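What the coordinates show
Okay, here's what each chain looks like letter by letter:
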Amino acid sequence: MITMLPKREDPVPAVEIIKKIISLMATCLGLAIILIGLKYAMDIFELIFTILKSPAYLTGPIQQMAESIGGRAFDLKLESRSVPLANIMALMVYCSGALLSAWLTLALMHTGAKIVSLTAGDRSAVKQLLQSAFGNSLQPKTTTENDKTQPRG
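Let me sum up the structure you'll find in this document. Per chain, residue numbering runs from 1 following the sequence as it is written. For a predicted model such as this one, the threshold for reporting local features is a pLDDT of at least 70, and the threshold for listing and counting side-chain atom pairs is 80 or more; totals across whole chains, interfaces and linings nevertheless cover every residue. Note that the side-chain values use all heavy atoms of the structure and ignore hydrogens as well as water.

Some points on the environment of Ala120
Defined as follows: Secondary structure elements are defined from DSSP: runs of H or I of at least 4 residues count as helices, runs of E of at least 2 residues count as strands, and each element is numbered from the N terminus. Only protein chains enter the accessibility calculation, which uses a 1.4 Å probe; a residue whose area is less than 20% of its type maximum is buried, one above 50% is exposed, and one in between is partly exposed.
Residue position: Ala120 is located in the loop between helix 3 (85-119) and helix 4 (123-134). Relative accessible area serves as the criterion here: at 37%, Ala120 is assigned to the partly exposed category. Along the primary structure Ala120 and Ala26 are separated by 94 residues, whereas in three dimensions their C-alpha atoms are 8.8 Å apart.

What follows is the structure, given as structure tokens:
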């Protein structure tokens, strides 16, 4: 009587296991960086929408920044009125800071996406994931002889 035992699979080398663990950790780090960037992007959009809804929101920060720049010392005195240049400079600094924050947020998200792309970019894993999700309906197109002989134009 012959008993059939299941085949033993070859043991996976420890280096491969460590490589997969490091790849998983790097992918998780990339996803965390993307989420942090997304949180900062939402904060920036919230600031923009708050300013658009009520421009008076900027009065306090701009006045404080103008006072730190020099306040009335930079006022341009014309015949009929005085132009507060310190407020204009403060507004430009504030807007530049917002643009710099947005740029850094996008750079942060881009870096996270690159990390995920480099560590989880295994094509066979993506193919297996898509096939398990969509089944056999996701098969590459097969070409027929008629398709090969048709001139393209």
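Now that the structure has been shown, the text picks up again.
Notes on the packing of aromatic side chains
Here is the rule: Here the aromatic set is Phe, Tyr and Trp, taking the six-membered ring for Trp, and pairing holds for ring centres within 6.5 Å; pairs whose planes are under 30 degrees apart are stacked, those over 60 apart are edge-to-face, and all others are tilted.
Applying the stated criterion across every chain, the model contains one aromatic pair. Seen in terms of ring centroids, Phe45 and Phe49 are 6.4 Å apart; in terms of plane orientation they differ by 25°. Their pairing is stacked. Taken together, the residues Phe45 and Phe49, both in helix 1 (residues 14-53) and four residues apart, mark about one turn of the helix.

Focus on the packing of helix 2 (residues 59-69) against helix 3
Applied cut-off: Working convention: axes come from line fits to C-alpha atoms, limited for helices to the stretch in contact. Angles between N-to-C directions cover 0 to 180 degrees. Orientation labels follow simple angle bins: below 35 degrees gives roughly parallel, above 145 gives roughly antiparallel, 65 to 115 gives roughly perpendicular, and whatever is left gives oblique. Here a crossing is called left-handed whenever its near helix is offset anticlockwise from the far helix by less than a right angle, and right-handed whenever the offset is clockwise. We call two residues in contact whenever any of their non-hydrogen atoms come within 4.5 Å of each other. In this count, Pro and Cys sit with the nonpolar residues alongside Ala, Val, Leu, Ile, Met, Phe, Trp and Tyr, while Asp, Glu, Lys and Arg are called charged and the others, Gly among them, polar.
Axis separation between helix 2 and helix 3 bottoms out at 8 Å; the angle between their running directions is 115°. The angle between helix 2 and helix 3 falls in the class roughly perpendicular. Crossing of helix 2 against helix 3: the hand is right-handed. Where helix 2 approaches helix 3, its residues Pro61, Ile62, Gln63, Met65, Ala66 and Ile69 are matched on the opposing element by Ala86, Asn87, Met89, Ala90, Leu91, Val93 and Tyr94. A class-by-class count of the residues in the contact of helix 2 with helix 3 yields 11 nonpolar, two polar and no charged.

Let's talk about a nonpolar patch on the surface
The condition is simple: Like charges are joined within 9 Å and nonpolar side chains (Val, Leu, Ile, Met, Phe, Trp, Tyr) within 5 Å, but only among residues with over 30% relative accessible area and no salt bridge; these make up the patches. Only the protein chains shown count as cover for residues, with accessible areas throughout obtained via the Shrake-Rupley method and a probe of 1.4 Å. Only one rule defines a salt bridge in this text: a Lys or Arg side-chain nitrogen within 4 Å of an Asp or Glu carboxyl oxygen.
Taken together, Ile69, Phe74, Leu76, Leu78, Leu85, Ile88, Met89 and Met92 make up a surface patch of nonpolar side chains, about 670 Å² in accessible area. Looking at the nonpolar patch element by element, the count peaks at four residues for helix 3. As for its position among the elements, Phe74 is in the loop between helix 2 and strand 1 (76-77).

Re the nonpolar core
Threshold: Buried Ala, Val, Leu, Ile, Met, Phe, Trp, Tyr and Cys residues form a nonpolar core when they are joined through side-chain atoms within 4.5 Å.
In this structure, Leu58, Ile62, Ala66, Ala86 and Ala90 together form the largest nonpolar core, which totals five residues. Among the elements of the structure, helix 2 and helix 3 are those that each provide at least two residues to this core. Apart from the residues within four sequence positions on either side, Leu58 is in contact with Ile51, Leu91 and Tyr94.

Quick look at the side chain of Thr27
The residue Thr27 is located in helix 1 in this model. In this structure, Thr27 is in contact with Val116, Thr119 and Ala120, ignoring residues within four places of it in sequence.

A short note on the packing of helix 1 against helix 3
To characterise two packed helices, one gives the angle between the axes of the helices and the distance between these axes. Closest axis-to-axis distance for the helix 1/helix 3 pair is 8 Å, and the angle between their directions is 155°. Judged on the interaxial angle alone, helix 3 and helix 1 are roughly antiparallel. Considering how the two elements wind past one another, helix 1 and helix 3 form a crossing that is left-handed. In terms of residue class, the contact of helix 1 with helix 3 is made up of 18 nonpolar, eight polar and no charged.

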